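# Reading the structure
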Amino acid sequence: MAKESYHGPLERVDDCCWRIPKSYKPGMRVDGLIFADDRLLEQIKGDQAPEQVANVAFLPGIQHASLAMPDIHWGYGFCIGGVCATDPNEGGVISPGGVGYDINCGVRLVRSNLFYRDVKQHIRPLVEELFRQVPTGVGKSGRYHFKAKELKHLLSEGSSFLVGRGLGTARDLEYTEAHGRLDGADPDAVSDRALKRGEDQCGTLGSGNHFLEVQIVDHVFDETAASAFGLEKDMVCVMIHSGSRGLGYQVCDDALMALRKAPEKYGIELPDRQLVCAPVYSPEGEHYIAAMRAAANFAWCNRQLLMQQAREVFATVFGRSWQELQMNLVYDVCHNIAKFEEHTVSGKRKKVWVHRKGATRAFPPGHPEMPQQYMKIGQPVIIPGDMGRASWVLTGQLGSMEKTFGTTCHGAGRAMSRTAALKDAAGRRIDKELLSRGVIAMAQSHKGLAEEQPKAYKNVDDVVDVVHRAGLSHKVARMRPIGVIKG
Amino acid sequence: MRMYETFEHTADLGLRIRAADLDTLFAEAAECMFSTVVEDLRTVEAKQRLEVQLPGEERELLLFDWLNELLYRLDTEHLLFCRFEVHVDEQGLHGSAWGEPLDRERHALSHEVKAITYHGLRVEREGDLWLAEVIVDI
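Residues numbered from 1 in each chain as written. Chains lettered and ligands numbered in written order. Predicted model: local features only at pLDDT ≥ 70, side-chain atom pairs only at ≥ 80, totals over all residues. Heavy atoms only, no water.

Looking now at the interface of chain B and chain A. Accessible area lost during the coming together of the parts is what is often quoted as the interface size. Facing the 43 residues of chain B at the interface are 48 residues of chain A. Counting across the chain B and chain A interface gives 5 salt bridges. Close ionic contact of E69 of chain B with R193 of chain A constitutes a salt bridge, the shortest N to O distance being 3.0 Å. Counting across the chain B and chain A interface gives 18 residue pairs in polar contact (both at pLDDT 80 or more). Counting only elements with at least two residues in the side of chain B that touches chain A, the list comes to β1 (4-8), β2 (13-19), α2 (59-77), β6 (115-116) and β8 (129-137) of chain B. (Contact = heavy atoms within 4.5 Å. Salt bridge = Lys/Arg side-chain N within 4 Å of Asp/Glu carboxyl O. Polar contact = N/O pair within 3.5 Å; in protein donor to acceptor, adjacent residues only side chain to side chain. Helix = DSSP H or I, 4+ residues; strand = E, 2+ residues; numbered from the N terminus.)

Residues and elements named next belong to chain B. Along the chain, E100 turns up in strand β5 (residues 92-101). Classification of E100 as buried rests on a relative accessible area of 2%. Among the polar contacts listed, one links the side chain of E100 to the side chain of K47, at a separation of 3.3 Å. A polar atom in the side chain of E100 sits 2.6 Å from the side chain of R106. (Buried < 20%, exposed > 50% of the residue type's maximum accessible area, 1.4 Å probe, protein only.)

Residues and elements named next belong to chain A. Burial analysis of strand β9 (residues 236-242) places 7 of its 7 residues in the buried class, which makes it a mostly covered element. Of the two faces of β9, both are covered, the one formed by V236, V238, I240 and S242 as well as the one formed by C237, M239 and H241. Of the pairings in the sheet, the one linking strand β7 (residues 106-110) to β9 comprises 5 bridges and is antiparallel in character. When the sheet's bridge partners are listed, R108 is paired in β9 with I240. In terms of strand pairing, strand β8 (residues 211-220) meets β9 through 6 bridges, oriented antiparallel. Opposite L212, over in β9, you have I240 as the bridge partner. (Pairing = 2+ DSSP bridges.)

It is worth spelling out the nonpolar core at this point. What tends to happen in soluble globular proteins is that the nonpolar side chains get buried as a cluster. The biggest cluster of nonpolar side chains holds 68 residues, and the ones touching the most others in it are L109, L130, L212, F229, L231 and F314 of chain A. Excluding its chain neighbours within four sequence positions, the residues that come into contact with L109 of chain A are Q215, L231, C237, V238, M239, N328, L329, V330, Y331, I382, V393 and M479 of chain A. L259 of chain A together with L50, L93 and W130 of chain B belong to the second-largest nonpolar core, a separate cluster that totals 64 residues. (Core = buried A, V, L, I, M, F, W, Y, C linked by side-chain atoms within 4.5 Å.)

Here the distance between the centres and the angle between the planes together describe a pair of aromatic rings. One pass over the full model with this rule turns up 13 aromatic pairs over all chains. With a centroid separation of 6.2 Å and 75° between ring planes, the pair formed by Y76 of chain A and Y101 of chain A is classed as edge-to-face. Here Y76 of chain A, found in the loop between β4 (65-73) and β5 (80-86), pairs with Y101 of chain A, found in the loop between β6 (93-94) and β7; they are 25 residues apart in sequence, far enough to count as distant. Three or more aromatic residues joined by ring pairs make a cluster, and in this case those are Y175, F229, Y331 and Y374 of chain A. In this structure, R260 of chain A packs its charged tip against the face of F64 of chain B, placed 5.8 Å from the ring centre. Lying over the aromatic face of W98 of chain B, R83 of chain B brings its terminal NZ or CZ to 4.1 Å of the ring centre. (Phe/Tyr/Trp six-rings, centres within 6.5 Å; stacked < 30°, edge-to-face > 60°. Lys NZ or Arg CZ within 6 Å of the ring centre and 35° of its normal.)

Residue and element names in this part refer to chain A. Counting buried residues in β4 gives 9 out of 9 residues, a clear majority hidden from the surface. Pairing of β4 with β5 involves 3 bridges; the strand directions are antiparallel. Note that in β5 the partner of H73 across the bridge is I80. Taking the residues between adjacent antiparallel strands as the criterion, β4 and β5 are bridged by 6 residues, where G77 takes a positive phi near 70°.

Here the focus is the sheet that holds strand β12 (residues 336-345) of chain A. All names here are of chain A. The strand order across the open sheet formed by 7 strands is β1-β2-β3-β4-β5-β13-β12, and the pairing between neighbours is mixed. Each edge of the open sheet carries a strand with a single partner, namely β1 (11-14) and β12. With direction set aside, neighbouring strand axes in the sheet form an average angle of 25°. Where β5 and strand β13 (residues 348-357) come together, 5 bridges link them in antiparallel fashion. (Axes fitted to C-alpha atoms, helices over the stretch in contact; angles between N-to-C directions.)

Set out below in structure tokens:
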């Protein structure tokens, strides 16, 4: 299965949006819409991601359009960077592939009262201590072990379970998407294998594109929003990117297995086996939803514990408690998830299952689902970039509700495959190159670092530019990495 | 000469294996997967043995389940494997894997395989050889 370019139709809708008409393939129920400018579109056409956007349009009950963000790239069944909303009352389906293996992979941003000038002499010891204390990479047990019974509580209660044990504050919950807990999670829908994989992995970073970064607010684009989020130029922040670890991967795997025969059973025709799905209102669909919600709760707990460990390291290195350092959570967003939300479709209010696979919720000002303090500003959207250039803080805009079921992009998106990036890095020392750009990077795997090198990603600034211009979200601040730990 | 290689997939890795018979194909597939997990598979010693018995008729799904089982052991017991023997027949698969617990002092790791995927999964005849392709989620 080689990488091939897309040669199907792409019609220009406007400067930032392209249409794959539903006439492209018999079986498409709606159009495909890709948000990209001319330059990004050229890269997007380089693989089969647009074909996948068209394939998702086959799903029963799909509403409005099969959507893709400017950072899309080739995934399994669904492209990464895809959004699809289904109406259960119109036979709408739930698809584990539309959520991904890493259920509730997401990002959180923590601010502090430290500024670059306060830390620049301490960056190396800080990064070294983070690397020592925060478990990263393959086969590394976390500091926290949960027995089966505790784990089940954690899966149904989400982050509040940890706060109840002193591993966080009530404020942390308020500043987490869905308060760090999806209702309707059923730990009994999670297999023993998944529970076993999750036993010692809560509070571990993992590997691949996951990271923990020390960042500086590099440039503020919107002073009012930045100030509401507690951000100022040159402020030191921590960004954490991780998900539900082995537990979530196993839940996805179990669901793909359980659903192998569901399309046939429910008479659903699919152009790709990885799109397997079941009606929301079916025993198979309900079982997956209950397990997926439990895995999502695990992921929030994972990021909560990663944050706690980072807070403790800062306290050790700077000799003040994290409360004194005002290391408050700005926000936590997920970018691999399916949620039952209310939206307007063709002028009608209805509840739909929004699948966000590598896409971030971006609710506009006034939406009830965000902290009171952000209500006038909009929900913070955290976009991790690559480890050499930048990451972004955006805010949700009205356009997202009109066009994308309240959704925006989730990252830079890969420009090079892992193999190509590795070849490209042959004979180079990525950690030294990063150092010359002012970034101290520590990783368990040199190969991993090479595959994750900045050049392997599209420029996140270009991606953010499109979602900003398309009115899906609005630029608040650009973040620059100074320390990175990875698996 | 190794009869396996990795191939490109934008965000992840493809494993491509060729072998004269199905048994070797399945053994080489496991070795190929662990060679993406560990920097140098020669650093892993065959100290303990794991027996795997899997029912099934469809070859693709059997390969999927076999790799998945090994991955599960890596994730939960932190076991690395370096040598494999597999027998595949109409009823299913019987496999043995030899390896040892992960020791970060001796084993340099390169990738965490999150999952085996169904995307582009194939096991088929290619002339005189068997060919398998599997994309793993990194």
